[in-house]
Structure formats: structure tokens, C-alpha cells
Amino acid sequence: MARPGSGLLVPVNGMGYPPQNLARVVVWEWLNEHGRWRPYSAAVCHHIENVLKGDSRGTVVLGQVDAQLAPYVIDLQSMHQFRQDTGTMRPVQRNFYEPSSAPGKGVVWEWENDSGSWTPYDMEICVTIQNAYEKQHPWLDLTSLGFCYLIDFNSMCQTNRQSQRKRRLRRRMDLAYPLIMGSIPKSQSWPVGASSGQPCSCQQCILVNSTRAASNAILASQRRKLYGAAADNAVAAGTLTVVRQSNTFAGTSLWSSTSASSGTNNNNISVGGGHAKAEQVHLPLSTANFPCSPVMPSLSSAHGHHALTINGQNNLNRPGTQRISMGTARGAIPPGVPALPVKNLTGSGPVHPALAGMTGILMCAAGLPVCLTRAPKPILHPPPVNKSDMKPVSGINGMRRKTKKKHLRRGKNPEDVVRRYTERIKVMPDEDCTICMERLVMSSGYEGVLQHKGIKPELVGKLGKCGHMYHLLCLVAMYNNGNKDGSLQCPTCKTIYGEKTGTQPPGKMEYHVIPHYLPGYADSRTIRIVYDIPAGIQTNEHPNPGKKFSARGFPRHCYLPDNEKGRKVLKLLIMAWDRRLIFTIGTSSTTGESDTVVWNEIHHKTEFGSNLTGHGYPDPNYLDNVLAELSAQGIGEDNLKD
């Protein structure tokens, strides 16, 4: 059996650029909201490569190979993934790996998430894990990759080195990623140019290609930073004038500069096509065909006739006075028409709202019913509360707690801690020590790696409460690798011995009752908790001592119902705060930022009047769930004093 000392501390990055005459594996990836490149599946990558061979400036419809990706298309020309129902755009990239790496062999490493399903690791991490696995290392430290996790191949678990929380991981075989020969492109993007041949004239291709051209225009417009100038000069003398965009489709301009004017008794939409002459599409102008009126341009009328000209993104971003009211549009949605929530309709954010509006209008022109609506916003905070209306919580003294220097208790002798909670065993059973994975009848795997006077490598102890047995030297090693706060936690059953404390930075916690009600708790007022932790310098107990840490989003407001169980949860949260277990310093799962204050495995409700993010009410199971999470940290109801 390999010793723990032979584990891998510095991972080997399998990503790179091999010599030009060698084969390499291609993995396509997209950039998520946390700044992490997430790989597409092998089947999707094969599909993208097949499209790329036929047309390097083409569009990849991902739904053709994976039904779950039906809303998504990739524009190879701009190297962006576009979601057709919401208008969300994300960069994509084409990465290269060695044929002998995990993607070349079809190996996928995954971890078990909170819902019980399996999530694949980022490809860079997957390659690193597979390298360590093939070299038969017993464990792998991912710290150098920016993740505070330890991979144990013997137990097939991932352990958070800060919270000690464990998750299962698995290795499975899948389709190998596509293999290519030849030189590697110098750029991940391909130049814009006229495509050869005539484009397909079916409605689906018109929709996809038009959306693609519109997205290119928006990307170009964003780079020029000229949104306002085009919108301010768009209306003159009763006509709608549109700034010409540098979009290309079949070598010609897709959105031409035209004007909206009244004509015959027919209502019409003018959509610029791939030729010099605009193509006229006649459709009845009604709320059934155009329920997406909040993002439609204004309508000019004369002699009872209406005409609408669609010339590009500028028409879709008119001031609010030129838009039909949102209430009218929502009331006009006919039964059976899908309502697609669209973000950034106000123009804020990295994606221009015209992209989503363009998609909806083109879907309407293709005969597809659609309604664009504003995505509902979470209600994070209650109405303003006067300080005189904030009352103390019944049964709890005071309204504030602080973490001060005197709370930072450290310096317990490891041997004394281990001996306090264990009973020495003279007759060892023939089973494994689950820390070093050596037999208990043999010496500890930390023999020669760790030396402590008075604790010999062959000594075995049994924990008092749970009865699990380990080498005493292994327990000392585990304690030294932890928080060194005088407590032990059984690695098998998670039973805590002593008082577990954390590494939460100094700050303050306030709590009071406000005269408002949470959804689902109409008979109770609300307990509001306010956490405030300032930025500072990391100490020896933190991941990077001496380095600054940030504290984003503070003060953070959290909410509980003011009933018997809610007050019980608050008492336990106060105890967890005193033990410095609410927050820690690590890498944010939301932003990907490292060396920042993050939550520490005890969930809080930060959404007051809704539950759109999953962190609000109503949630009938939340109080029971958080009681279980507190108990897992060694803070149970038996800790409460009557």
C-alpha cells in the first residue's frame, strides 16, 4: 500500500500545445458566470467539429445532438454561444489536450452535488485527477489549482480542507473526445467573411442566420460604445431612421437603413434579407403575433394603417415613452403562447436587450408564437423599518454579538487532545485504519513521516462515543491538518469530540424583530440577522497567511420566522457565530474569487419576500435542514441552556 507521503501535491496540467506534427484531442468549452471554462460533452464536441469542417463560419445547433441543449446555438464566426429564448451570450473556446489524457481516453471524473446528481469537473482538473490516478497516488491536493480540496482515491471522496465536508466522486468511461491532426490554429476565432453559396431559405435557417448576424452587430456595437448616439437620433420627421450596422450575411448587409411609413391597408413587417432588395413579409399586426410589445419599436400611423419596419438592434432599444406598456403586453398574451423571461430589458448588463428582442420578433416572423416578458426580480429586503420598530428577540439577551481576539482560542497539544478522547486498544482487530488505509495490526502509515514523543506508530485507540478505531499517530496527523482547536471529528461517522471552532474572521452579528411577515409565515413577525465582516489580513489559521482577504456583500441580511423554532435556530446560530463557524475564508462558488469571506456549510435565507434564487421563502423544510446542518457542526439542541 502506498504511503500518504507519496501523494501528489503539485498537479500536472495536461492541457497544452504539443509539437505541430502530433495528434491532439479537441475539447470545446463555454465560460460560465463564475469565470470557469466548462467542457461540452464528447458527443457535442464531435458535432461541433463536424460542422467546423464544413463551414468554419457556420452556426452549430446544439439541440441536434443533445435535446437538453435545444435553446443553444454556437456562432463559430464570433465564438459565442447564444441562448435563443433569453438572449444570453457566452464565449466559447477550442482547447487542446494530449491524446493520452482523460478526454482522449473518454475518462470523466465527477463529484456528487447537493441534489444527488453528478457534476463533471472542469477539464483541466479532470486531466490532473486522471494523471494522479494513473500514477497510483493515494491522494491529490488541488490547492495549487486554486481549490481547497483533497482527493482521496482510496475512499473515492473529495474533502474540503477548510470545512472538512466530504463528497463522493466517481470515474466513468464515456465517448472519447475528437482527435485531430495538423497544425493548431493561431486564433480561436475565424475572420468574418462572405460565405460561399446561397443560404438555405427555410424558416429555421432564416431565424438562426438572422439571429447570428444580429448578434455580430451587437458585439460590434458594444465594442464601439455608441449605443446612445444611435438611439438619440433615431426619430425624425415622423419616420424611424436606423443606423446601418456592419453585419454580413452571404456577403451583403443584412439590416439596411430604411424608414417606417404607412402604405396600403395591409400591415407589414420589413425585414432586410441577404440581398440588395428587402424582402417583405406580410403578417397581421396583432397581439397574437406580436405579444412581445415591450421591446418593439414604436408604431407610426396614418389613415388608420400601421407599418412596422425592423432594421436592426437600434429599433429595439427605444426609450420607454416609445414602448407599449408592460401591463398591456402581459394582458394581451393569448392562451397557449409560451412566455419567455428575458433579462436585461432595461439595457443594463453585458448583453444588449435587442438580442433577445430580435429573437422573439424573428420567431414571430417564422410563425412561432412567443412572448418576451421581464424576468421577475427577487425581493431581497423588506420595506424600510424605523429603528424604533426593531425589537429584541424574545428569550434572547441583547441584540448584538462580536468576534474579538479573546474568542480566538488555539494552542492545544495534539497528543493531549488525542488521548483525551480515545481509549487505548491492546488487542487490535484485523481491519483497516481509514485514515492511512493500513491494517490496524500494522504500524501507522505516518511512520517516518510524523514523529511524536509518547505515541508510537503501532498504538491503536478507540474513540469514546462512536467506538471507531484508528492509529493514534494517524489521529495526531489528522488533528495537525485541521483547525487545532482542541476538538476531534471522527472521519468515519463525523461525531465531534469537544467544542469545534472555525476560522471565521472578526466581525459583528446583529439580530432583531421587524414588523413584517415572511411568505408562508403570515402569523409570525420576522427575525432579521445582519452579519458584518470587514476585509483584513489572513492569519496562520487561514489558507494564505499574511495575504489580504476581501469581504464582498457585507453587511449580509438573513431572515427567520419569529416563532418557537425560528428562535431556536437563532440561538444555535449565535452559538455558531461565537464558535466562528458561520463564515470562513476561501474561494467563492458564486464569483470564483479566492481569498474572500464565504459561507461555511450553514445555509441562510437571504431573500426576504420571494424564493426565486432558492435562498428565500416559502420553504417548509428550511428550519429542519438548518438544524441538521448546525448539528453536523457540533451545535445541537442539547447545547441550549434552559
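Our subject in this report is the structure included herewith. These figures come from a predicted structure and were not determined experimentally. (Residues numbered from 1 in each chain as written. Predicted model: local features only at pLDDT ≥ 70, side-chain atom pairs only at ≥ 80, totals over all residues. Heavy atoms only, no water.)

Our next topic: the overall build of the protein. When you go through the protein residue by residue, the secondary structure sums to eleven helices and 34 strands. Within the protein, buried positions represent 46% of all 642 residues. Long-range contacts, defined here as pairs at least 24 residues apart, represent 65% of the contacts in the protein between residues at least 6 apart. Looking at the protein as shown, the accessible area adds up to about 31,200 Å², and 52% of this sits on carbon and sulfur atoms. (Helix = DSSP H or I, 4+ residues; strand = E, 2+ residues; numbered from the N terminus. Buried < 20%, exposed > 50% of the residue type's maximum accessible area, 1.4 Å probe, protein only. Contact = heavy atoms within 4.5 Å. Areas by Shrake-Rupley, 256 points an atom, 1.4 Å probe, with all protein chains shown as cover.)

Moving on, we come to a positive patch on the surface. Residues Arg419, Arg424, Lys426 and Lys456 make up a contiguous surface patch of positive charge. Assignment of secondary structure puts Lys456 in the loop between strand 23 (422-425) and strand 24 (460-463). Residue classification places Lys456 among the exposed positions, given a relative accessible area of 52%. (Patch = residues over 30% accessible without salt bridge, like charges linked within 9 Å, V, L, I, M, F, W, Y side chains within 5 Å. Salt bridge = Lys/Arg side-chain N within 4 Å of Asp/Glu carboxyl O. Lys, Arg positive; Asp, Glu negative; His and termini not counted. Charge placed at Lys NZ, Arg CZ, Asp CG, Glu CD.)

So, on to the packing of helix 10 (residues 564-578) against helix 11 (residues 622-632). One can describe the packing of helix 10 onto helix 11 by two numbers: an axis separation of 10 Å at closest approach and a directional angle of 25 degrees. Considering the angle they form, helix 10 stands roughly parallel to helix 11. When you trace helix 10 past helix 11, the crossing you get is left-handed. Packed against helix 10, whose contacting residues are Lys565, Gly566, Lys568, Val569, Leu572, Leu573 and Ala576, the element helix 11 presents Leu623, Asp624, Val626, Leu627 and Leu630 at the interface. In terms of residue class, the contact of helix 10 with helix 11 is built from eight nonpolar, one polar and three charged. (Axes fitted to C-alpha atoms, helices over the stretch in contact; angles between N-to-C directions. Parallel < 35°, antiparallel > 145°, perpendicular 65-115°, else oblique. Left-handed = near helix turned anticlockwise from the far one by under 90°. Nonpolar A, V, L, I, M, F, W, Y, C, P; charged D, E, K, R; others polar.)

Moving on: the sheet that holds strand 25 (residues 469-471). Across the sheet, which stays open at both edges, the three strands sit in the order 23-24-25 with antiparallel pairing between neighbours. Edge positions in the open sheet fall to strand 23 and strand 25, since each of these has one partner strand only. Taken over all neighbouring pairs, the strand axes of this sheet differ in orientation by 40 degrees on average, direction set aside. Most of the contacts of helix 8 (residues 414-421) go to strand 23, to which it runs at about 80 degrees, and overall it touches strand 23 and strand 24. (Pairing = 2+ DSSP bridges.)

Moving on, we come to unusual backbone geometry. Residue Phe554 is joined to Pro555 through a cis peptide bond whose omega torsion reads 0 degrees. Among the structural elements, Pro555 can be located in the loop between strand 31 (548-549) and strand 32 (556-561). Between Tyr617 and the following residue, Pro618, the backbone shows a cis peptide bond with an omega angle of 5 degrees. In this fold, Pro618 is placed in the loop between strand 34 (596-599) and helix 11. Although it is not a glycine, Lys494 sits at a positive phi angle of roughly 70 degrees.

Side chains of residues three or four places apart in an α-helix project in the same direction, reflecting 3.6 residues per turn. Of the positions making up helix 11, those classed as buried are Tyr622, Leu623, Val626, Leu627 and Leu630. Projected down its long axis, helix 11 shows its buried positions confined to an angular sector of 135 degrees, all on one face. Positive backbone phi, approximately 85 degrees, marks Gly634, located one or two places after helix 11. (Arc of directions from axis to C-beta.)

Further remarks concern the packing of helix 8 against helix 9 (residues 472-480). In contact at an axis separation of 9 Å, helix 8 and helix 9 are set at 120 degrees when each is read in the N-to-C sense. Classified by the angle their axes make, helix 8 and helix 9 are oblique. For the pair helix 8 and helix 9, the sense of crossing is right-handed. Between helix 8 and helix 9, the contacting residues are Pro414, Val417 and Val418 on the first element and Leu472, Leu475, Val476, Tyr479 and Asn480 on the second. Within the contact of helix 8 with helix 9, the residues separate by chemical class into seven nonpolar, one polar and no charged.

Bringing the side chain of Thr119 into the picture now. Take Thr119: it is sitting in strand 8 (residues 118-120). Thr119 gets classed as buried once you look at its relative accessible area, which sits at 19%. Here Asn113 takes part through its side chain, which lies 3.1 Å from a polar atom of the side chain of Thr119. With residues near it in sequence (within four places) discarded, Thr119 still touches Arg38, Trp109, Glu110, Trp111 and Asn113. (Polar contact = N/O pair within 3.5 Å; in protein donor to acceptor, adjacent residues only side chain to side chain.)

So, on to the sheet that holds strand 28 (residues 508-514). Overall, antiparallel pairing links the four strands, which are arranged 22-28-29-32 in an open sheet. Two strands lie at the open edges of the sheet, namely strand 22 (400-402) and strand 32, each paired on one side alone. Pairwise comparison of adjacent strand axes, ignoring direction, gives a mean angle of 20 degrees for this sheet. By the bridge criterion, three bridges tie strand 22 to strand 28 in an arrangement that is antiparallel.

In this structure, Asn563 sits in the loop between strand 32 and helix 10. There is a polar contact of 2.7 Å between the side chain of Asn563 and the backbone nitrogen of Gly566. When sequence neighbours within four positions are dropped, the list of residues in contact with Asn563 reads Tyr521, Ser524 and Leu623.

Mapped onto the elements of the fold, Gln489 is located in strand 26 (residues 488-489). Considered as a pair, Gln489 and Gln164 are 325 residues apart in the sequence and their alpha carbons are 9.2 Å apart.

Nothing here speaks to function; it is all geometry.
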